[in-house]
Amino acid sequence: MTRRVVVGLSGASGAAIGVRAVELLNALGAETHVVVSRAGERTLAAEVGPDAVLRLKAAAARWHAIDDVGAAIASGSFPTAGMIVAPCSMRSLGAIAACLADNLLTRAADVHLKERRPLVLIARETPLHLGHLRAMTAATEAGAIVAPPVPAFYLKPASVADIVDQVARRAIDLLRAFDPTAAEWRGGEDAPPRGA
Ligand SMILES: Cc1cc2nc3c(=O)[nH]c(=O)nc-3n(C[C@H](O)[C@H](O)[C@H](O)COP(=O)(O)O)c2cc1C
């Protein structure tokens, strides 16, 4: 199976989750293909730091410009193991749910759906109106996995970094392309988190 994974970062809060997903995938030996929306670049700078985009570019095996709808990941003929959109804004979620494919991130997501490959959407907004919920339903009906970045409180995260790490690991595990690395609930027994 190919070890290529596409990671899209759109302009919702939680940019650090996308960054962590790329780091973890690199450590797993994946070939990371990264695409960031313009609003995603803004949230990366605001939430992770002014040089976050440059550092993410350096970490990505391949960086794709958001307007490059002719990039390899825009075609179903380019095999991948799946795609994670982390974080996924309501705008990108709506575009994906409506098959809009209006930029490379939403096109690559559409390709994953049409090719019946895993597409994990770390959809972030709160509270949610009916349009958001309908878009989540439509994306799920098309085959996407909608996984909001909700903390696993039962694992007793000690920091925001712990929460970011767990959400990123769960997103990767949902691709079913690698051995699971997210910490697991062991029925209350103490167990070291996997991948620690
Ligand atoms: C700091 C910041 C935080 C934002 N947080 C969210 C969010 O959590 N969810 C969301 O749907 N949009 C959020 N937005 C708004 C999106 O960035 C905006 O809707 C944008 O058009 C999304 O475009 P994209 O999907 O192409 O990235 C935020 C914007 C900024 C600047």
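Details of the structure are given in the entry above.
Procedures and definitions
Residues numbered from 1 in each chain as written. Predicted model: local features only at pLDDT ≥ 70, side-chain atom pairs only at ≥ 80, totals over all residues. Heavy atoms only, no water. Helix = DSSP H or I, 4+ residues; strand = E, 2+ residues; numbered from the N terminus. Rg over C-alpha atoms; globule rule 2.2 N^0.38 Å. Buried < 20%, exposed > 50% of the residue type's maximum accessible area, 1.4 Å probe, protein only. Contact = heavy atoms within 4.5 Å. Areas by Shrake-Rupley, 256 points an atom, 1.4 Å probe, with all protein chains shown as cover. Lys, Arg positive; Asp, Glu negative; His and termini not counted. Charge placed at Lys NZ, Arg CZ, Asp CG, Glu CD. Near = heavy atom within 4 Å. Polar contact = N/O pair within 3.5 Å; in protein donor to acceptor, adjacent residues only side chain to side chain. Pairing = 2+ DSSP bridges. Right-handed = clockwise from strand over helix to strand, strands pointing away. Salt bridge = Lys/Arg side-chain N within 4 Å of Asp/Glu carboxyl O.

S.K.: Looking at this model, I keep getting lost on the overall build of the protein. Mind explaining?
M.R.: Counting secondary structure elements, the protein contains 7 helices and 6 strands. In terms of overall dimensions, the protein is globule-like: its C-alpha atoms have a radius of gyration of 16 Å, near the 16 Å expected for 196 residues. For the C-alpha atoms alone, the extent of the protein along its principal axes is close to 50 × 40 × 35 Å. Burial status across the protein gives 46% buried among its 196 residues. When contacts within the protein are restricted to residue pairs at least 6 apart in sequence, those whose partners lie at least 24 apart make up 75%. Roughly 9500 Å² of accessible area belongs to the protein as shown, and the carbon and sulfur atoms make up 54% of that amount. Taking the average location of the 21 positive side-chain charges in the protein and that of its 19 negative ones, the two points are 3 Å from each other.

S.K.: Whenever I open this one, the side chain of Ser 92 confuses me. Can you help?
M.R.: Inspection of the secondary structure puts Ser 92 in helix α4 (residues 90-97). If sequence neighbours within four positions are ignored, Ser 92 has contacts with Ser 10, Leu 105 and Thr 106.

S.K.: What exactly am I supposed to notice about the site of the ligand here?
M.R.: Looking at the ligand, there are 13 residues lining it, with Gly 11, Ser 37, Ser 89, Ser 92 and Arg 124 nearest. Ser 92 is positioned such that a nitrogen or oxygen atom in its side chain is 2.6 Å from an oxygen atom of the ligand. Contacts to the ligand include Glu 125, whose side-chain N or O atom sits 3.3 Å from a nitrogen atom. Starting from 630 Å² of accessible surface for the ligand in isolation, the protein chains cover 68%.

S.K.: Just checking my understanding: could you explain the pairing of strand β5 (residues 119-123) for this structure?
M.R.: Looking down a regular strand, the side chains alternate between one sheet face and the other. Among the 5 residues of β5, 5 are classified as buried, and the element is accordingly described as predominantly covered. Taking every second residue as pointing to the same face, both faces of β5 are buried, with Leu 119, Leu 121 and Ala 123 on one and Val 120 and Ile 122 on the other. One ladder, built from 4 bridges, connects strand β4 (residues 82-88) with β5; its direction is parallel. Residue Met 83 lies in a different strand from β5, and its bridge partner there is Leu 119. When β5 meets strand β6 (residues 145-146), the two strands line up parallel, connected through 2 bridges. For Leu 121, the partnering residue across the bridge sits in β6 and is Val 146. The β-α-β motif built from β5, the intervening helix α6 (residues 130-141) and the parallel element β6 has right-handed crossover chirality.

S.K.: Honestly, the pairing of strand β1 (residues 4-9) in this entry has me stumped. Any pointers?
M.R.: Within β1, 5 of the 6 residues are buried, which leaves the element mostly enclosed by the surrounding structure. One ladder, built from 6 bridges, connects β1 with strand β2 (residues 31-36); its direction is parallel. Counterpart to Gly 8 in the pairing with β2 is Val 35. Traced from β1 through helix α1 (residues 15-27) to β2, the parallel crossover comes out right-handed.

S.K.: How do you make sense of the pattern of salt bridges when you look at a structure like this?
M.R.: Should the charged atoms of two oppositely charged side chains come close, the side chains can pair. According to the stated counting rule, one finds 10 salt bridges in the structure shown. Between Lys 114 and Glu 115 there is a salt bridge, with its nearest N and O atoms 2.8 Å apart. Since its relative accessible area comes to 41%, Lys 114 is described here as partly exposed. A salt bridge links Arg 169 to Asp 165, with the shortest nitrogen-to-oxygen separation between them at 2.7 Å. Of this pair, Arg 169 and Asp 165 both sit in helix α7 (residues 160-174), 4 residues apart, which is roughly one turn of that helix. With a relative accessible area of 8%, Arg 169 lands in the buried category. What makes Asp 165 buried here is its relative accessible area of 18%. Taken together, the salt bridges that share partners define one network made up of Arg 20, Glu 23, Asp 165 and Arg 169.

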